[in-house]
Number of protein chains: 2
Amino acid sequence: MMRISEAAQHSGLSSKMIRHYEDVGLIQPAARTEAGYRQYSPAQLDQLGFIRHARSLGFSIAQIRDLLQLRDNPRRASREVKQLAQKHLQELDQQMLVLKKMQAMLEDLVARCAGDDSPDCVIIDELSDSGETGNE
Amino acid sequence: MMRISEAAQHSGLSSKMIRHYEDVGLIQPAARTEAGYRQYSPAQLDQLGFIRHARSLGFSIAQIRDLLQLRDNPRRASREVKQLAQKHLQELDQQMLVLKKMQAMLEDLVARCAGDDSPDCVIIDELSDSGETGNE
DNA sequence: TTTGAACCTTCCCATAGTGGTAAGGTCAAG
DNA sequence: CTTGACCTTACCACTATGGGAAGGTTCAAA
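Residues numbered from 1 in each chain as written. Chains lettered and ligands numbered in written order. Predicted model: local features only at pLDDT ≥ 70, side-chain atom pairs only at ≥ 80, totals over all residues. Heavy atoms only, no water.

(A) A look at the relation of the copies chain B and chain A. When chain B is fitted to chain A, the residual RMSD is 0.0 Å, and the transformation amounts to a turn of 180° plus an axial shift of 0.0 Å. Given the turn and translation reported, the copies of this chain are related as if by a two-fold rotation axis. Residue Met96 of chain B, judged by its C-alpha, is the member of chain B lying nearest the rotation axis, at 3.3 Å. A share of 98% of the interface residues of chain B reappears at the interface of chain A, consistent with the copies meeting face to face through the same patch. (Least-squares fit on C-alpha atoms with pLDDT ≥ 70 in both. Contact = heavy atoms within 4.5 Å.)

(B) Molecular detail of the pattern of salt bridges. In total, this model carries ten salt bridges over all chains according to the counting rule given. Residues Arg38 of chain B and Glu22 of chain B are paired through a salt bridge, measuring 3.0 Å at the closest nitrogen-oxygen approach. Taken together, the positions of Arg38 of chain B in strand E2 (residues 38-39) and Glu22 of chain B in helix H2 (residues 15-23) put the pair 16 residues apart, joining distant regions of the chain. Among the charged side chains, a salt-bridge network with shared partners connects Glu22, Arg32 and Arg38 of chain A. (Salt bridge = Lys/Arg side-chain N within 4 Å of Asp/Glu carboxyl O. Helix = DSSP H or I, 4+ residues; strand = E, 2+ residues; numbered from the N terminus.)

(C) Up close: helix H3 (residues 42-56) of chain B. For H3 of chain B, built from 15 residues, the straight-helix expectation of 21 Å at 1.5 Å per residue is met to within 8% by its first-to-last C-alpha distance of 21 Å. Among the 15 residues in H3 of chain B, eleven count as buried, and that is most of the element. For H3 of chain B, the secondary structure elements touched by its buried residues are helix H5 (78-112) and helix H6 (122-128) of chain A together with helix H1 (4-11), H2, E2 and helix H4 (61-71) of chain B. (Expected span 1.5 Å × (residues − 1). Buried < 20%, exposed > 50% of the residue type's maximum accessible area, 1.4 Å probe, protein only.)

(D) Highlighting the environment of Asp108 of chain A. Mapped onto the elements, Asp108 of chain A comes out in helix H5. Separated by 104 residues in the primary sequence, Asp108 of chain A and Ile4 of chain A have C-alpha atoms spaced 49 Å apart.

(E) Expanded view of the confidence of the model for chain A. On average, residues of chain A score 93 in pLDDT, and 96% of them reach the 70 mark or higher. Overall, residues 132-136 of chain A carries pLDDT values under 50, and its contacts beyond four positions in sequence, including any with other chains, amount to ten contacts. (pLDDT = per-residue confidence, 0-100.)

(F) Quick peek at the protein's contact with DNA strand C. The environment of DNA strand C is made up of 18 residues, and the closest members are Lys16, Tyr37 and Ile61 of chain A together with Ser5 and Arg19 of chain B. When atoms of DNA strand C within 4 Å of the protein are sorted by moiety, sugar and phosphate together comprise 71%. Measuring from a base oxygen of DNA strand C, one finds a side-chain N or O atom of Lys16 of chain A at 2.4 Å. Between DNA strand C and Ser5 of chain B, the relevant distance is 2.8 Å, taken from a phosphate oxygen to a side-chain nitrogen or oxygen of the residue. It is helix H2 (residues 15-23) of chain A that contributes the most residues to the surface near DNA strand C, four residues altogether. The residue makeup of the surface near DNA strand C, split by class, is seven nonpolar, five polar and six charged. (Near = heavy atom within 4 Å. Polar contact = N/O pair within 3.5 Å; in protein donor to acceptor, adjacent residues only side chain to side chain. Nonpolar A, V, L, I, M, F, W, Y, C, P; charged D, E, K, R; others polar.)

(G) The arrangement of the protein's contact with DNA strand D in detail. Around DNA strand D, a shell composed of 19 residues is seen, among which Ser5 and Arg19 of chain A together with Lys16, Tyr21 and Tyr37 of chain B lie nearest. Among the atoms of DNA strand D close to the protein, meaning within 4 Å, 69% are from sugar or phosphate groups. Within the contact set of DNA strand D, a phosphate oxygen lies 2.8 Å away from a side-chain nitrogen or oxygen of Arg38 of chain A. Between DNA strand D and the protein, one listed contact pairs a base oxygen with a side-chain N or O atom of Lys16 of chain B at 2.5 Å. Looking at the surface near DNA strand D, the elements with two or more residues in it are helix H1 (4-11) and H2 of chain A together with H2 of chain B. Among the elements that take part in the surface near DNA strand D, H2 of chain B stands out by supplying four residues, more than any other. Its residues assigned to classes, the surface near DNA strand D shows seven nonpolar, five polar and seven charged.

(H) The environment of Gln103 of chain A, seen in detail. The topology assignment puts Gln103 of chain A in helix H5. Judged by its relative accessible area of 12%, Gln103 of chain A is buried. When neighbours within four sequence positions are excluded, Gln103 of chain A is seen to be in contact with Leu89, Leu92, Asp93 and Met96 of chain B.

(I) Broad picture of the packing of H1 of chain B against H3 of chain B. Residue and element names in this part refer to chain B. Interhelical geometry of H1 versus H3 gives an angle of 50° and a closest axis separation of 9 Å. Between H1 and H3, the angle falls in the class oblique. The two elements H1 and H3 meet at a crossing, and its hand is right-handed. Here H1 contributes Ala7, His10 and Ser11 to the contact with H3, which in turn contributes Leu45, Leu48, Gly49 and Arg52. Broken down by class, the residue content of the contact of H1 with H3 amounts to three nonpolar, three polar and one charged. (Axes fitted to C-alpha atoms, helices over the stretch in contact; angles between N-to-C directions. Parallel < 35°, antiparallel > 145°, perpendicular 65-115°, else oblique. Left-handed = near helix turned anticlockwise from the far one by under 90°.)

Here's what the structure looks like:
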């Protein structure tokens with residue numbers, strides 16, 4: 001059994017976030033010592049590691065909640081896991097699209113701005129324009 | 001002079017956000033009618049439009065604060081505007097990098113998951129792994 | 001004139017994820 | 001017994017946005 005700071009180091013999460021995940025019900029409340037200190041078993045360390053991996057792939061807390069349930073269900077169908085992952089991939093695609101549009105527009109503006117001592121600047125001009133920015 | 005809902009429609013922002021931008025000091029407090037209703041002048045409508053355009057390019061409130069100052073300064077150097085935009089471009093690049101890494105890892109996992117009735121699933125397996133996810 | 005719809009106001013709460021800090025308890029070593 | 005490093009809970013902050021409640025205003029229709 002490890003204390004929370006050890007569990008944090010081991011899992012790559014912060015103590016703060018481990019408590020938070022417990023607060024929001026992502027993980028079961030940890031066992032406590034007589035003094036009230038949280039104690040983590042090896043199985044819980046695995047779970048915390050799982051959570052960190054999932055977070056690093058951009059899964060939301062809600063999605064991780066589902067992933068943990070699938071993980072703990074020996075009768076799961078990998079289809080469900082794959083679907084969840086594919087849905088997240090679509091979200092990532094969507095975010096990329098948004099960023100790419102911003103990038104394209106901004107790169108265009110930057111390319112057309114002299115960037116010298118003169119106050120004339122297409123960036124300011126086009127942002128001031130009543131026209132659209134290119135987003136539908 | 002327009003009321004806030006008209007200013008919202010005109011600028012493409014919500015009334016809610018216009019009040020918020022006033023709260024955080026992004027725009028000057030609007031004039032008020034005797035009854036306390038906010039009133040917006042054409043110049044303020046321009047400013048709101050500017051803010052919406054800048055937001056649609058992903059500029060943060062803090063960055064827009066700077067952009068507005070440059071916009072209102074007739075003795076600005078376009079160099080400053082360009083630098084601000086370039087810094088934001090770098091941030092966009094950074095975000096894209098993160099998303100791309102997630103995307104690549106997740107695509108790999110998804111490709112290797114059968115997605116059938118069997119419980120065997122590399123996605124679950126690799127998230128459960130103590131190893132790294134590919135992020136440094 | 002009264003009433004009702006459609007506005008407006010402020011204030012609080014929620015989202016998602018993370019960090020910080022403060023006030024206090026615990027434990028082990030010196 | 002003190003000190004330092006840990007733990008606890010309970011707040012507040014951030015970004016940007018939305019929702020809603022409780023109450024005031026405006027204007028038109030009946």
